[in-house]
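# A look at the structure
Residue strings, one per chain:
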Number of protein chains: 4
Amino acid sequence: MAAMPRPSEQQRPQGSRLRERLFEVVFESDTLAGRLFDLGLLWAIILSIAAVILASIPAIARSWGPTLKIAEWVFTIVFSIEYVLRFVSVRNPTRYAGSFFGLVDLAAILPGYIDLLIPGAQSLLVVRVLRLLRVFRLLKLGRYLGEAEILLTAVRASRPKIIVFLTFVFAVVIIVGALMYLVESGSAGFESIPSSMYWAIVTLCTVGYGDVVPLTPLGKAIASLLMIMGYGVIAVPTGIVSVELARVSNLPVSGQACPACTRSGHAVDATHCKFCGALLNPQLDAARDTVPPDQA
Amino acid sequence: MAAMPRPSEQQRPQGSRLRERLFEVVFESDTLAGRLFDLGLLWAIILSIAAVILASIPAIARSWGPTLKIAEWVFTIVFSIEYVLRFVSVRNPTRYAGSFFGLVDLAAILPGYIDLLIPGAQSLLVVRVLRLLRVFRLLKLGRYLGEAEILLTAVRASRPKIIVFLTFVFAVVIIVGALMYLVESGSAGFESIPSSMYWAIVTLCTVGYGDVVPLTPLGKAIASLLMIMGYGVIAVPTGIVSVELARVSNLPVSGQACPACTRSGHAVDATHCKFCGALLNPQLDAARDTVPPDQA
Amino acid sequence: MAAMPRPSEQQRPQGSRLRERLFEVVFESDTLAGRLFDLGLLWAIILSIAAVILASIPAIARSWGPTLKIAEWVFTIVFSIEYVLRFVSVRNPTRYAGSFFGLVDLAAILPGYIDLLIPGAQSLLVVRVLRLLRVFRLLKLGRYLGEAEILLTAVRASRPKIIVFLTFVFAVVIIVGALMYLVESGSAGFESIPSSMYWAIVTLCTVGYGDVVPLTPLGKAIASLLMIMGYGVIAVPTGIVSVELARVSNLPVSGQACPACTRSGHAVDATHCKFCGALLNPQLDAARDTVPPDQA
Amino acid sequence: MAAMPRPSEQQRPQGSRLRERLFEVVFESDTLAGRLFDLGLLWAIILSIAAVILASIPAIARSWGPTLKIAEWVFTIVFSIEYVLRFVSVRNPTRYAGSFFGLVDLAAILPGYIDLLIPGAQSLLVVRVLRLLRVFRLLKLGRYLGEAEILLTAVRASRPKIIVFLTFVFAVVIIVGALMYLVESGSAGFESIPSSMYWAIVTLCTVGYGDVVPLTPLGKAIASLLMIMGYGVIAVPTGIVSVELARVSNLPVSGQACPACTRSGHAVDATHCKFCGALLNPQLDAARDTVPPDQA
């Protein structure tokens, strides 16, 4: 994020310097221009989402429909120009286009154009909400990004266990779905195995809409077992995340890399690198809040 | 809370001494007058809430309506007088008016007067339930206040993570809401993006009223994914609070090091070092129960 | 429970010895008679509960009603005789009558007689299910009782925090209930504050029957906030119990009592008593891993 | 799983060597033939489950019914042949038949034949989804099996506590069921104690279909208590699993002490002591990935 000192800047061609200037405005927020750009972006995102949501309400659409439609097109064009600017200002355009933020930036404008072919697609412009992540740093939300980082790390570390758990849930849903399809064959909502599986998910996740309910005594008994299972089994992902979060939060691995082998992930009480045995720098702890957020 | 010795009290003007006397009765509960005041307050709060609730039940309102209305007015006037007394007895009235309890005290009388302008507002007098916090100390519930303090500390420490989590939930709700508005465009309850977002919240939080349900196969598939996500994602706030609570609860290892062997990690009820058997300093414990609750 | 050696047994009067014999049969399960008594009790409880449940099913009651009624009376009389035997065989009858099991034993027969006055009360005989706790030891379920003990200890230790939490939930329910009574004044199910409070509980606990749902946009917005709160707030009791359970399970405080002052509750890494400083016996730790796995 | 070197293989009779060859193909996946067999099995399972599910959808069954029926029979016969091959290739056929995978393999073909007697039973062929566990190793999912192992260990260790908890839940359900049968005797859905127990489970597990709801004020009050209990009590299994999972997960601090400074608490991926930088013994790690998954 921080503008790194670039040696021999005067030797670069004119185009490259313009590109760098653009990069500073569009991607960074250290300069006044960069901050104003981010602030404008923040409001454009919020207003464009508000316009999409308002346009979907029949009563409002009746009287303000055309105005909102025009507003949405203005925002789509503005964001399109911004996308092009970002594309030309980065050194590696293909890498930007394939990055998380590059894809979000694209997804934030595509539905506007798709709407010409498939009317209604414009509603998907609400994915612009993800673009807010980009302007978080403007709001001095660095601390929250740090917390999000911890949560993400814990969730990422839990992923294998969560996948195993979801596989188990999926197997239960498919078996109970087939069972209920047999048992409740006459009842509404159990006409096919996919329908029964939908009911099984609604029940296992303790949502319980009540649009599909078992009617036979045997069906009710199976449903009861499934509910108790769902009620107890929710403990598993909770336990997984709690444990990982406790590990991530408690280690909080000091963020420092070994000065000898550059590998990181050392516990805060470590004085020597656990991979090569070199002495670790103790003073780096102060730098903890400067970890840069994920960026394009 | 305890009446501190105030040197040179005789030099103060008459009004100041009267104010202090009033303060002792209205805010403290060490004197007999203070205890009786608190006891009266406790019953006034309970009876006034009961009156509001009873007055809202049609069958009771028909026969006892006028009586309950009068009772409510009596309580409102009594609490208004109490509010004035509190206001004049504190040294810094503006600070009291802006404090948590000052605002609760005001909120406990305002709806009574607003009811003259907007009939029905009187129901909001139930916010008086928050005033019960004030009389907790009368009930010797100090221990519970301590536990509440621990819970609050854990929740407060979890706040940044919870905000990040709720932001994520909000983004999911807005995107799924727009998606379902497109997919289920014909179904009841998905007529606008806000309606669909309401459905998404009802589903994600596993409440599942069933007043709005997806009808198309694609809608049911998206709903299933949302349910499974809601079912797994509930693990995150639970994990956050568990970890913070564990940290807050486990800290009370008294923090003191053994004066003989300097090792720490002793339980709060320990009087001797568990490693060398030397006597621990006991005086640090005394300060624990005197932490004053949040007050005006 | 175990038959303690009673010195000078021959000096006791005849009645006392008969009572002790009875005590051995009725309360203990070390002798053959005691085991047979417990086994009979186990089946009597299960059959009597089955009879109550079956008698409540209309289709079965039509053809088997009288038979089941007679069976229920037989069980009630048998349990009454047993209650009298227990009452006369214990040394301190009043203490037995007031104990948990004494009250359960009484509650297991009373509804049978109340049924003569209030028809239908016999259904309450299902409280006999609690009597099963008494015969757990027959099934060699000692280990499960130990686990139940740990759970109970954790829940009991969590009680102050849970009470604080439920007070908070209650305050939220009363305030949201009054608010929704105002906002949704015309809708079905919000006719009084108690009705609205019922809806608030159904929503906050994520049950969501759907028998009462908000209809106005403002009502739906408040409901959404309440749902998200309920979804996040469930983390609190979970966190509380997890932490307490971790403490109870992990400390498991080595089980050893101080040889000097006999007080227990020492951490597993303690070498000295934390109350008097005496040296603890370290050899007990070895027994920790030899706890036999689940067996008959 | 790995093909162990078998000394003196040439001394065995011809039949035994054929059986071993077959074993390598059918049970193992180290050889090309074994891998191809597993790959074919994977697709056969997925396609056969898809066929069962598709055949249950009325619209598809109308036009593709006979084709899907034939496909299902082909898969059933293929799996039957595979079952026979497995049966003859293992050294101890009876142990295989009684093992978890043996039973799953049998359950994956039986419904196909039962369908001849009881039409519709073929839907139960979805239990084939459990067979996917067998081909997990093909997908290089060894890591996931390791995670599943940890989860299973934690759940297994939680079993006694969970059983105690479910016994408690069952007692609450039976008592509340009988109580609501009395209180709501006139309402739909409370006609018998089993019906009321079904409602109690739906409520306690926070599913809340809304097909059965209390109508009387007293019934609603009891339901409110049950909901709050369900909401709080879900904390117990979550706490149990969290604690066990933390214990199982945290053990892998490799347990090894530094050979130089003797301090322990090193992460499993550490090769050097984090306190003094000395080399740790690496050989303990090697055993980790060779834990064989549960197999016939």
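Residues numbered from 1 in each chain as written. Chains lettered and ligands numbered in written order. Predicted model: local features only at pLDDT ≥ 70, side-chain atom pairs only at ≥ 80, totals over all residues. Heavy atoms only, no water.

## Details of the overall build of chain A
Across its full length, chain A holds 11 helices and 0 strands. Sequence-ordered secondary structure for chain A, helices as α and strands as β, is α-α-α-α-α-α-α-α-α-α-α. The burial tally for chain A puts 46% of its 296 residues in the buried class. Within chain A, counting contacts between residues at least 6 apart in sequence, those at least 24 apart form 56% of the total. For chain A, the exposed area adds up to about 14,400 Å²; of that, 69% sits on carbon and sulfur atoms. (Helix = DSSP H or I, 4+ residues; strand = E, 2+ residues; numbered from the N terminus. Buried < 20%, exposed > 50% of the residue type's maximum accessible area, 1.4 Å probe, protein only. Contact = heavy atoms within 4.5 Å. Areas by Shrake-Rupley, 256 points an atom, 1.4 Å probe, with all protein chains shown as cover.)

## With respect to the packing of aromatic side chains
This model, assessed by the stated rule, comprises 16 aromatic pairs over all chains. Ring plane angle 35° and centroid distance 6.3 Å describe the contact between Y83 of chain B and F87 of chain B, whose orientation is recorded as tilted. With Y83 of chain B and F87 of chain B both in helix α3 (residues 58-89), this residue pair falls 4 residues apart, about one helical turn. With a centroid separation of 5.9 Å and 40° between ring planes, the pair formed by Y83 of chain C and Y96 of chain C is classed as tilted. Of this pair, Y83 of chain C sits in helix α3 (residues 58-89) while Y96 of chain C sits in helix α4 (residues 93-98), and the two are 13 residues apart along the sequence. The class for Y83 of chain C is buried, based on a relative accessible area of 13%. Members of the aromatic cluster, each reached through a chain of ring pairs, are Y83, F87 and Y96 of chain A. (Phe/Tyr/Trp six-rings, centres within 6.5 Å; stacked < 30°, edge-to-face > 60°.)

## Topic: the environment of W64 of chain D
Residue and element names in this part refer to chain D. Of note, W64 is situated in helix α3 (residues 58-89). Since its relative accessible area comes to 54%, W64 is described here as exposed. Taking the C-alpha atoms as reference, W64 lies 39 Å from V212; in sequence the two are 148 residues apart.

## Some remarks on the relation of the copies chain D and chain B
With an RMSD of 0.1 Å, chain D superimposes on chain B once it is rotated by 180° and translated 0.0 Å along the axis. Both chain copies can therefore be described as sitting about a two-fold axis. When the interface residues of chain D are mapped onto chain B, 100% of them again fall at the interface, so both copies present the same face. (Least-squares fit on C-alpha atoms with pLDDT ≥ 70 in both.)

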